[in-house]
Amino acid sequence: MIKYVPSQAPVVLEEIPAKVTLAVEISNCRGNCEGCHSPWLKDDVGEPLTEEVIDHLVADNFGVNCFLFLGEGKDPGTLLRLAAYVREKHKLETALYSGRPSVEDFYFDAFDYVKVGPYIPAFGPLGKPTTNQRLYYHREDITSRFWHRGLDPNKKTI
Ligand code: SF4
């Protein structure tokens, strides 16, 4: 089972370049970031994320063109099934943020965008060239796109 936090499902413009992204926070985080800013996501909190819930989230946020799983939880089978559902049913691009330093190769097939790397305060978030985090689009490292977009370099993304 994958759980999400219903009160934390905003539409964001900065997480994925050139996308209007529906970002859904997933609990049971497998990461262990030194600078964790959402510690409650390490716990088994929230409600089950199902195909029906995804239908409602997409319907309630008409116009989004990317669905971001902010965290991967501890049930990869369900995560991959839901990602495939988003693509096939709603024709949206899919994105995953894993707090782990790296992910298994099949994640790059299941998601259009994959962000890896724990948040480490000394290196900063994606907006800083010193960041240890990386964002891939179909296996291409596109992290540097964040460095030329006039974003607040100190803004922390999950
Ligand atoms: S990915 Fe890192 S910052 Fe996000 S909830 Fe997990 S430990 Fe915290």
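The structure presented is a predicted model; accordingly, all values stated were derived computationally and were not measured.

*Asks:* Which residues make up the pairing of strand β3 (residues 21-25), and what values go with them?
*Replies:* Each regular strand displays side chains that alternate between the two surfaces of the sheet. The buried fraction of β3 is high, at five of five residues. Burial along β3 is two-sided: T21, A23 and E25 facing one way and L22 and V24 facing the other are all buried. Two elements, strand β2 (residues 11-12) and β3, share two bridges in a ladder whose sense is antiparallel. What sits directly across from V11, in β3, is L22. For β3 and strand β5 (residues 66-70), the ladder comprises five bridges, and the chain directions are parallel.

*Asks:* Run through helix α1 (residues 51-60), naming residues and quoting values.
*Replies:* Along α1, the residues classified as buried are E51, V53, I54, L57 and V58. Seen from one end, α1 has its buried residues packed into an arc of 155 degrees, which puts them on one side. Exposed residues pointing more than 90 degrees away from the buried face of α1 are listed as E52, H56, A59 and D60. Contacts made by the buried residues of α1 are with β1 (3-4), β3, β4 (47-48), β5 and α2 (76-90).

*Asks:* I'd like a description of the packing of aromatic side chains, backed by residues and values.
*Replies:* Applying the stated criterion across every chain yields a total of six aromatic pairs. Note on F108 and Y136: the rings are 5.6 Å apart at their centroids and 85 degrees apart in plane angle, and the pair reads as edge-to-face. Linking F108 in helix α3 (residues 107-110) with Y136 in strand β8 (residues 134-137), this pair joins segments that are 28 residues apart in sequence. For F108, a relative accessible area of 15% corresponds to the buried category. The class of Y136 is partly exposed, set by a relative accessible area of 22%. The interplanar angle of 35 degrees and the centroid separation of 4.5 Å between the aromatic rings of Y113 and Y137 together place this pair among those described as tilted. A residue pair is termed long-range when its members are at least 10 positions apart, and Y113 in strand β7 (residues 113-116) and Y137 in strand β8 qualify at 24 residues. On the basis of relative accessible area, Y113 is assigned to the buried category, the value being 5%.

*Asks:* Break down the sheet that holds β7 for me, citing the residues and quoting the values.
*Replies:* The strand order across the open sheet built from seven strands is β2-β3-β5-β6-β7-β8-β9, with neighbouring strands paired in mixed fashion. The two strands at the open ends of the sheet, each matched to only one other strand, are β2 and β9 (140-141). Summarising the sheet, β8 and β9 pair through two bridges and their orientation is antiparallel. Bridge pairing links Y137 to E140 in β9. Strand contacts of α2: β5 and β6 (93-97), with the helix running at about 165 degrees to β5, the strand carrying the most contacts.

Rules and cut-offs
- Residues numbered from 1 in each chain as written.
- Predicted model: local features only at pLDDT ≥ 70, side-chain atom pairs only at ≥ 80, totals over all residues.
- Heavy atoms only, no water.
- Buried < 20%, exposed > 50% of the residue type's maximum accessible area, 1.4 Å probe, protein only.
- Helix = DSSP H or I, 4+ residues; strand = E, 2+ residues; numbered from the N terminus.
- Pairing = 2+ DSSP bridges.
- Arc of directions from axis to C-beta.
- Contact = heavy atoms within 4.5 Å.
- Phe/Tyr/Trp six-rings, centres within 6.5 Å; stacked < 30°, edge-to-face > 60°.
- Axes fitted to C-alpha atoms, helices over the stretch in contact; angles between N-to-C directions.

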